[in-house]
Amino acid sequence: MTNNLFLRVVILIGFSIGSVLHGSLVAASEKAILDPNARFHPVVSNSGMVVSQEMIASQVGADILSRGGNAIDAAVATGFALAVTLPRAGNIGGGGFMLVHLAAENKTIAIDYREMAPASAYKDMFLDAEGDVDNLRARFSIHSSGVPGTVAGLIHALDNYGTLSLKQVLQPAIDLARNGFAVSVDLSESLLARKQTLQNDPASKGYFYKADGSGYQPGEILAQPDLAKTLGRIADKGRAGFYQGRTADLLMAQMQRNGGLMSLQDLANYQVVERTPVCGDYRHNRVCAMPPPSSGGVHMIQMLNILEGWDLRSLGHNSAAYLHRLVESMRRAYADRSQYLGDPDFFPVPVAQLTDKKYAALLRGQIDLQHASRSEDIRPGLSQSTLGSALGSESSETTHFSTWDQWGNVVSNTYTLNFSYGSGISVAGAGFLLNNEMDDFSAKPGAPNGYGLVGGEANAIQPGKRPLSSMTPTIMFNRADEPILATGSPGGSTIITIVMQMILNIVDFDMSVAEATAAARIHHQWLPDSVFYESGISVDTLRLLREMGHQLDDKTGVLGSTQSIQRLGVESPQREEIEAPQREEIESPQRLGVESPQRPVIKSILYGTADYRRAGSGVAIQRQSPKD
Ligand code: GLY
C-alpha cells in the first residue's frame, strides 16, 4: 500500500460517499482513526483477506482469493484446510454455522450445518441406572457423535454462492494431508495435552502420534494419507464422497466396532438448512448473527438491547460500573437460554420476544446499578413480560474464520467438533475425527453439560434434532447497510459474550479491530454464579466488583479466540474530490430524474486481526496484481 493510500485510509472523517448516498451520518464505528500510537495494529489490505486460527489455512484461503475466487470459495477452501492443519477443531466430522453476505444482492444468509441426532437417539440415552448423566458416554463414546454436517455445509455454500469447482477449493487441503505440513507449536502441544483420550482410540493413536506413541515435535512433518483419500473422494464425488460409498462404509464399520447408533440412512438424510439470520439494531449499527439452533445471535442481541439503554462509553472501558452492567445482562440472557432455546424445527423458540427492545427494557429496569443480583433469584424471564464453579472442565475447541473478498462478499464461519479433538475417536481408514456434539443437548433437565450449561425440554435429545449451540458467527453493518465487521470465536458457552464484547469495544469505545481483540474479556452465564475474567482487568476493578457482591472466578485463563475482519473507514473520497456533476447526481438523484444513482467505485480497505490467545492464528491477504 502506498503512503498516500495509507493516509487516506487513516484520516477518514466526515463526508463519505456512503453517507451522502444514504442521507445519513456515518455510523460511529466508521469515524475511528487508526491511531499510530495504539498498542495493537491490524493487518491492512485493499483487496481480499482471510483470518483464521491457523496460518497455513488462512494462506490457502487467500491464495484462492488471489486466483479470482470469491469470499465463499476462500471460506470453503479454508474450512477444508483447517480440517487438516487444526485437527482439534477444524473438521469434516463435525458441524457448524456460516453467515454469508452477498454484496451484489445486499443479502445475508445463515447456513446451518449443525450435526443432527441419529434417528435411533433417544431422550435418556446418556442416563445411567441411577438416572444420572453418564458423562463419559455423553462426551467420549461413539454415542457422543451427531451426524456430521461440515462436508454437506461447505459443499452447499460452494454450490450456491461460490464460483470455483469443489476440486479447486479442496486441492490445497488434499495436498496438505497427503504431503504433510510442519507441525506447529500449538498442534504439538495440543496433541500432548489430549494424548490420553486420543490414544484410547487405536485409529486416533495411529493418525496423530508416531509408531512408538510419542508426539510430533514442532517442525516435524505430519502427513494424513487416509484423510487425503477421504478428501479426494469428496473432491471427486461431492457430497456422496462422504455420506455414501467408501467413506460412509468406513464410518459404519467404526459404528459397528464401537456399538454406535448412526446408520447409513442417517448419513443419507443429513440436511443443510438455510435460515434467516437473527438481526438487531445496536446504536447506529445492525448486528446479524446465527439464529437457533444456535443461541448465539438471539442472546447477543438480547444483551446488546439491554446495554443500549446506558451510555457505556461514559462509564469507561472495563470499569467496574461497566462490567457490572455486562454481568447483569449476561446473567439474565443465559437464564433465558436455559429454558427457551433449542432446535426451532422441534421447539417454538420465542426469538422475536427475546430480541424485543421492550423486553430488554424490562430486564434493564430490574438491574440494581449498585449491587450484584444472585443467579438463584433470577429465573427465565419471558413470563414476567407483557409480551407474551467452573465453566466445565473441558476445553472448547470450536474455531472461527472470516473471509472478505474484493467485491465486498463476506463470510463469517464457526465450526467445531465440540471438545478439543471431539470425541477422540477417529474413523479408521477415513482419517477424520468424530465430534462429541451430542453433549450439547441437555441430557437431563438441570444437569450441566461440558460447559456448565443447563437446559430442559427445548434442548432435550430427539431423533433428527440439532443440539443447541453457542456459536455466534457475526456480521455487523453500518447505517448505510454496508458490512463493517465479520467476527466470531470458539469458547463453548463463552462465545456469545466474547463476540458481544468485540462489538461493544468497536461501537462504544471506537477501538480498531486489533485493540478490540486484545482487550481483556469477562464472562458470566447465570450458572455457575461466577464472573470469569481474563488477566488485564485491574485489581481495583475486581475489588469494586466484589464489593458490589459479585463472585469472581480466579482461574479463568483466556476467553476465546476471535478471528475478525473490519472494514473500518471505506476509502471514501472526500466530498471535494468528487467531480461536481457526479456529486450532484449522488446528492440529488430525484431532482436530476436519476432513479438509482451510479455509485462511484469505493474500494474497501480491510483490517484483519487474528487473536493470539491461541498460538498459530494468522491473517493472510490476497496478492495484488502488478497494476495495483
Ligand atoms: N459445541 C459448542 C457449541 O456449539 O456451542
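Refer to the structure printed above.
All of these numbers come straight from a predicted model, not from anything done at the bench.

(A) Highlighting the overall build of the protein chain. Check the secondary structure of the protein chain and you find 23 helices and 20 strands. When the accessible surface of the protein chain is split by element, carbon and sulfur atoms take 51% of a total near 22700 Å².

(B) Just the sheet that holds strand β10 (residues 399–404), in detail. With antiparallel pairing, the 7 strands of this open sheet are ordered in space as β7-β4-β3-β11-β10-β2-β20. Edge positions in the sheet fall to β7 (273–275) and β20 (618–621), since each has one partner strand and no second. Neighbour to neighbour, the strand axes of the sheet diverge by 15° on average, direction disregarded. Both strand β3 (residues 95–102) and strand β4 (residues 107–113) contribute to a ladder of 7 bridges, which runs antiparallel. The residue bridging H101 from the neighbouring strand is T108, located in β4.

(C) Inspection of the pairing of strand β2 (residues 49–52) at higher detail. Burial along β2 is two-sided: the face carrying M49 and V51 and the face carrying V50 and S52 are both buried. Looking at chain direction, β2 and β10 are connected through 3 bridges and run antiparallel. Looking across to β10, one finds that V50 is bridged to T403. The pairing of β2 with β20 spans 4 bridges and is antiparallel. When the bridges of β20 are listed, V50 appears paired with A620.

(D) Fine view of the sheet that holds strand β1 (residues 43–45). Spatially, β1-β19-β18-β15-β14-β9-β8 is the arrangement adopted by the 7 strands of the open sheet, whose pairing is antiparallel. In this open sheet, the two edge strands, each paired with only one partner strand, are β1 and β8 (278–282). The average undirected angle you get between the axes of adjacent strands in this sheet is 20°. When β1 meets strand β19 (residues 606–610), the two strands line up antiparallel, connected through 3 bridges. Across the sheet, residue V44 finds its bridge partner in β19, namely Y607. Against the sheet, helix α15 (residues 296–307) touches β8, β9 (285–289) and β14 (474–477), its axis set at about 15° to β8. The sheet strands contacting helix α20 (residues 495–507) are β8, β9, β14, β15 (483–487) and β18 (563–566), and the helix crosses β14 at an angle near 20°.

(E) The site of the ligand, seen in detail. Taken together, R114, N418, E437, D440, Y451, S469, S470 and M471 make up the full set of residues adjacent to the ligand. Side-chain polar atom of R114 to an oxygen atom of the ligand: 3.0 Å apart, as the coordinates give it. When isolated, the ligand has an accessible area of 190 Å², and the protein chains bury 98% of it. Of the residues contributing to the shell around the ligand, the split by class is 2 nonpolar, 3 polar and 3 charged.

(F) Up close: the state of the cysteines. Within this structure, the stated rule accounts for 1 disulfide. Between the sulfur atoms of C279 and its disulfide mate C288 the distance is 2.1 Å. Taking the sign of the S-S torsion, 110° for the link of C279 and C288, the bridge is right-handed. You can call C279 partly exposed: its relative accessible area is 33%.

(G) The arrangement of the pattern of salt bridges in detail. Considering all chains together, one arrives at 30 salt bridges under this definition. Taking the shortest distance from any N to any O, the salt bridge between D236 and K167 comes out at 3.5 Å. Taken together, the residues span a long stretch of sequence, with D236 in helix α11 (residues 225–237) and K167 in helix α7 (residues 166–179) at a distance of 69 residues. On the accessibility criterion, D236 (55% relative accessible area) is exposed. R331 is paired through a salt bridge with E328; the nearest N and O atoms lie 2.9 Å apart. In this pair, R331 and E328 both sit in helix α17 (residues 320–340), 3 residues apart, roughly one turn of the helix. Taken individually, R331 and E328 each receive the classification buried, so the pair is uniform in this respect.

Criteria and cut-off values
Residues numbered from 1 in each chain as written. Predicted model: local features only at pLDDT ≥ 70, side-chain atom pairs only at ≥ 80, totals over all residues. Heavy atoms only, no water. Helix = DSSP H or I, 4+ residues; strand = E, 2+ residues; numbered from the N terminus. Areas by Shrake-Rupley, 256 points an atom, 1.4 Å probe, with all protein chains shown as cover. Pairing = 2+ DSSP bridges. Axes fitted to C-alpha atoms, helices over the stretch in contact; angles between N-to-C directions. Buried < 20%, exposed > 50% of the residue type's maximum accessible area, 1.4 Å probe, protein only. Contact = heavy atoms within 4.5 Å. Near = heavy atom within 4 Å. Polar contact = N/O pair within 3.5 Å; in protein donor to acceptor, adjacent residues only side chain to side chain. Nonpolar A, V, L, I, M, F, W, Y, C, P; charged D, E, K, R; others polar. Disulfide = S-S within 2.5 Å. Salt bridge = Lys/Arg side-chain N within 4 Å of Asp/Glu carboxyl O.

Honestly, that's just the spatial picture; any functional story needs more than this.
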